[in-house]
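As a plain string of letters, each chain reads:
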Amino acid sequence: MSKLGQVVESIGNYNKFVLDQVKRARTDEKFGRELLGRWNDTKAKIPFSRTPTGLPLPRLALPEIDEPGEIARYLFAEGLPGEFPFLNGAYREMYLEPVREIESFEKNGEPAPRPARPPLPQAEEPTRLFSGLMLAEDTNERFHYLTQHQRTHRLSTAFDGPTLYGIDSDADGVFGKIGEGGVAIDTVEDMVRLYDGFDLGSPNFSASMTISGPAPIIMAMYIAAAKRRFGPKVVSKLRGTIQADIFKEVQAQNETIFPIEASLRFLTDMVEFTTREMPRWYPISISGYHIGEAGSTPVQQAAYTLSNGFAYAEMFAARGIPVDQFGPRLSFFLDCGLDVEYIALSRVSRRIWAIGMRDVFEAGPRAQLFKLHTQTSGRSLIAAEFKNNLTRTAAELMLAYMNATNSSHSNSADEPFTTPSEEWIRLAAHGQAILLEESGIFKHTMNMLSGSPGMKAVERSVEAAILDEFREIERLGGVLAAVEDRYQRSQIQNAAHRYEQQIYNGTRPIIGLNRYRDGAEAEEIPEVKLARTPRKKQQLQVDRLAKFKKKNAEKAKRALDKLAIVAERGENCFPMLLEAAEVCSLGQISGRLQEVVGRFRPMV
Amino acid sequence: MASSIRILTAVPICDGHDSAINTINLEFIRHGIEVIYLGYHRSVGDIVRAATQEDVRAIGISSYNGGHIEFFAEVVGHLRKRGANDIKVFGGGGGTITHEDAAAMKRKGVDNIFFAGTSLAEMTDYVRRHYGRPRVKRSRPKSPDQELAHKLTAIEDGYARGKRVTSNVQPVTLKKKARNSSKTRVIGFTGPGGAGKTTLIDELVLRFLNQNPEGRIAILSHDPSVIGEGALLGDRATMINSQNDRVFMRSMATRGQAGGLSPATHDCLTLLARSGFDYVIIETVGTGQEAMPFQKNGIVNQTVLVMNPDYGSRLQLQKIVMLDLADIVVVNKSDLQRARTAHTEIEQRLEQNRRNQQLIDTVAKRHRDPGVDQLFGLISRSEL
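Peer 1: Hey, could you run me through the overall build of chain A in this one?
Peer 2: Looking only at helices and strands, chain A features 23 helices and eleven strands. Taken against the 2.2 N^0.38 rule, which gives 25 Å for 604 residues, the C-alpha radius of gyration of chain A at 25 Å falls within 12% of a compact globule. Viewed in the frame of its principal axes, chain A has a C-alpha envelope of about 75 × 60 × 60 Å. Counting across all 604 residues of chain A, residues that qualify as buried make up 51%. Sequence separation of at least 24 residues holds for 75% of the intrachain contacts in chain A that already meet a minimum separation of 6.

In structure tokens, the structure reads:
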């Protein structure tokens, strides 16, 4: 049985354990009293604060129970926010505004003067907006625009087609694709331009890079760029994420460039390096977003993401990396659509991950955490009457925050047509701020929406369905075997086809598209200029790449030869990638590696 | 019955968005269209080469990652340069292709762009209406490959119009020996679905191309037609080395004939064998003799049976007639646990046959697999 089978068992065992604790609380008097005492103690310590309209609310909401069995059930099955098994949140406090003490009001309604109290340290804003367009300097400008009002600078980088496939901008036939859909990055010089003006080593800065196939090479370029600006000491301070998730590429996004095993090997090389040298960096974002976007059901998205995650954990452990070293460095990425499963999908995933990691991989508390970034669903955005997408995205953000996501991206309404323009991206950013800062829904009380009967019903159903999927994958021989068998891929394609049929036959209403469709409105497209890369810029990128290659020709050849030898020998390639990134282009490195390990054979 | 409409679909280079085209392909197939699917991240060169070799009626491109005006224009331009003006181009990209873009693309020779919200029925209707009428007069082929492609189409159309197959199962001794080009070797690959034939052939092609800088290979591959419907001819999609100017590939649907071959296969194969290639590879699905009827003294010089180690019990091997006929038996996926047993059971069977058959273990998906090297050596060294 692979580890995935053990995970399924461990969830079953844990649920049984919970029932045992409930029984114990009701039969063992001492235990019952302890629990009750602990519960009352916790309740008593909950601070209160006032809403802007003067209503006092607890910072943490708990169910109104006083029976030891029910208390046991709550504490063990769900856990307080920040406590195993983390159903209600990875951390104790999230999204809450700084404590505003209960103010006593004078007789005339004026607040009485209070001595000043130091504010509690504030968590980072969850907002991390995904962007990338044209050339490095253009994206850099967009980055500064997006973060101008943010306290912490949290960037998320989209790369263009050639970069995603490890191809240089001067490659045959890709000219029209330079800078389309994301930023064109060919060299360390581009990387330096991309993050110009940001303090890469600061605790208030972090960069997420959405790239998977060539991720180790891009990671090496980022490190090289950081060293160029800040010297070698900055490396251990770097904060951010690189997506790097190969399994979901093969299952859904189709951006793998080396054969699966070679890709996994390069990934593990990178993880080995970063978990040791870059303790604040997440070298992988185990993703379900692309799986969902390719058309999977929400349960499939969660099940494949989690099982991929457990497969990675098994792989990294097999390489000899201690679980408490890599565990805290794993991050996750899910999408959020409008299906009702999303009310509980991430919460349930967080719980399953924690139990599996603790009981099968023996992970400590920090390595049990499911750290989640959520993006609202791109597939849910519709071209017809596109302004409705503002509402869709807002609803999806609500669902994401109800699941206590650690980080969020909201799509722009114009995205069915283009990489978002400034006008619509501004509204997307405001959507998050309106929900988290303007509205009172999330900033006063933790557990605001947890525990409703409906939410619990969805939780139970979703958890059971995810475990069923685990069993099926296990039956096929585990994640890698299932991947090579096209299992996840074909399931996703079937679900996608069914989804389209449902839209076509109207059983899945899409407002403005197959229901309440208004002829004229449906055809409207955003007025603002679509983000397209001018030919001049594309040519500029090609020209400066040529200069770079010419300048570094000798050194590049030597570096590539050394890299090839390391790759042939099966040693960890990452240190050599760091050297090569100084003088070689992305395409030169990926091309050379493909000569050694082969190219990815597409699955259809 | 009118010949099925053959079209080619693909997703452009640096674009992996295949969700839409997968659904569209299925719809087309359900309505009788034969779809040669090239997959995602495909260059202009690969698309145009495939379209001309397969002599399709039209190319459908699904593009969601931008750069579509240039890309579609390049496809049209390349087709025209090759004299393939009667291969049309259409496509879509959800909302990423605007009406303005589409107008520009049409000016550059694209037939039609489908916008976001177009129904699958509309697309299918369009293809059947615009690309279903028989081609009246074709422009003269500008190259030998194009001429070959046109002739293969004529053969297929002939059988579709009602020409009857004389006999596909040749008796072992023939009065007249079919004539291949002096040095063309015809190799037949057969075996159960999922054994890895396509990957294996692609890996052999890689070795051939590397070792013979001037050499050319032809591949004739078969995929089953769905009863009453079209077919998904998807072998090209997973082949990387065979997308090459020195490889001529033609995909055929079985069009209602049982046994893994098309009614037109024999004539097409005969034509290919006379067209100056170093090797012609015919690939079919099956394990019985009907899957590879053109054996010794026929057109096929050598047959390779590719086996999956997961065939079941030794008893199942009894049913596989090709085990007695194939010159070479390959146990692919030999990294699987079952492969050791499979090798032993098959070896015993071959020894009983006493026909000097070869048995080779391969892991075709592995880069530079020594088993595939061995197989390649065997095929290229064999006497005619």
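Additional details are given in the paragraphs that follow.
Peer 1: How should I be thinking about the sheet that holds strand β8 (residues 231–233) of chain B in this particular structure?
Peer 2: Where strands meet in a sheet, backbone hydrogen bonds hold them as pairs that are either parallel or antiparallel. Residue and element names in this part refer to chain B. In spatial order, the strands read β5-β4-β3-β1-β2-β8; together these six strands make up an open sheet with parallel pairing. Taken across any chain shown, the strands that pair with only one partner, and hence form the sheet edges, are β5 (112–114) and β8. On average, adjacent strands in this sheet sit at an angle of 25 degrees to one another, irrespective of strand direction. Pairing between strand β3 (residues 58–62) and strand β4 (residues 88–92): five bridges, direction parallel. Looking at β4, one finds that Ala 58 is bridged to Lys 88. Here helix α3 (residues 68–81) sits on the sheet and contacts β3 and β4; the angle it forms with β4, its principal contact strand, is near 165 degrees.

Peer 1: Looking at this model, I keep getting lost on unusual backbone geometry. Mind explaining?
Peer 2: A negative phi holds for most residues other than glycine; trans holds for most peptide bonds. Of note, the amide linkage connecting Phe 84 of chain A to Pro 85 of chain A takes the cis form, showing an omega dihedral of -5 degrees. Locating Pro 85 of chain A in the fold gives a position in the loop between α3 (68–78) and β3 (129–131). Look at Arg 354 of chain B: it is not a glycine, yet its phi comes out positive at around 50 degrees. Summarising the element assignment, Arg 354 of chain B is placed in the loop between α11 (339–353) and β13 (358–361). Positive phi, normally seen in glycine, also occurs at Arg 368 of chain B, with a value near 60 degrees.

Peer 1: Please explain the nonpolar core as it appears in this structure.
Peer 2: Buried together is how nonpolar side chains tend to be arranged in soluble globular proteins. If you look at the biggest cluster of nonpolar residues, it comprises 153 residues, and the most contacted ones within it are Met 221 and Ala 580 of chain A. No other element matches helix α7 (residues 215–230) of chain A, which puts eleven residues into this core. If we skip the residues at most four places from it in the chain, Met 221 of chain A touches Val 188, Met 191 and Ala 581 of chain A. One finds Ile 33, Phe 71, Ala 231 and Ala 253 of chain B within the second-largest nonpolar core, a separate group that totals 102 residues.

Rules used throughout
- Residues numbered from 1 in each chain as written.
- Chains lettered and ligands numbered in written order.
- Predicted model: local features only at pLDDT ≥ 70, side-chain atom pairs only at ≥ 80, totals over all residues.
- Helix = DSSP H or I, 4+ residues; strand = E, 2+ residues; numbered from the N terminus.
- Rg over C-alpha atoms; globule rule 2.2 N^0.38 Å.
- Buried ≥ 20, exposed ≤ 12 C-beta atoms within 10 Å, placed from the backbone.
- Contact = placed C-beta atoms within 7 Å.
- Pairing = 2+ DSSP bridges.
- Axes fitted to C-alpha atoms, helices over the stretch in contact; angles between N-to-C directions.
- Core = buried A, V, L, I, M, F, W, Y, C linked by C-beta atoms within 7 Å.

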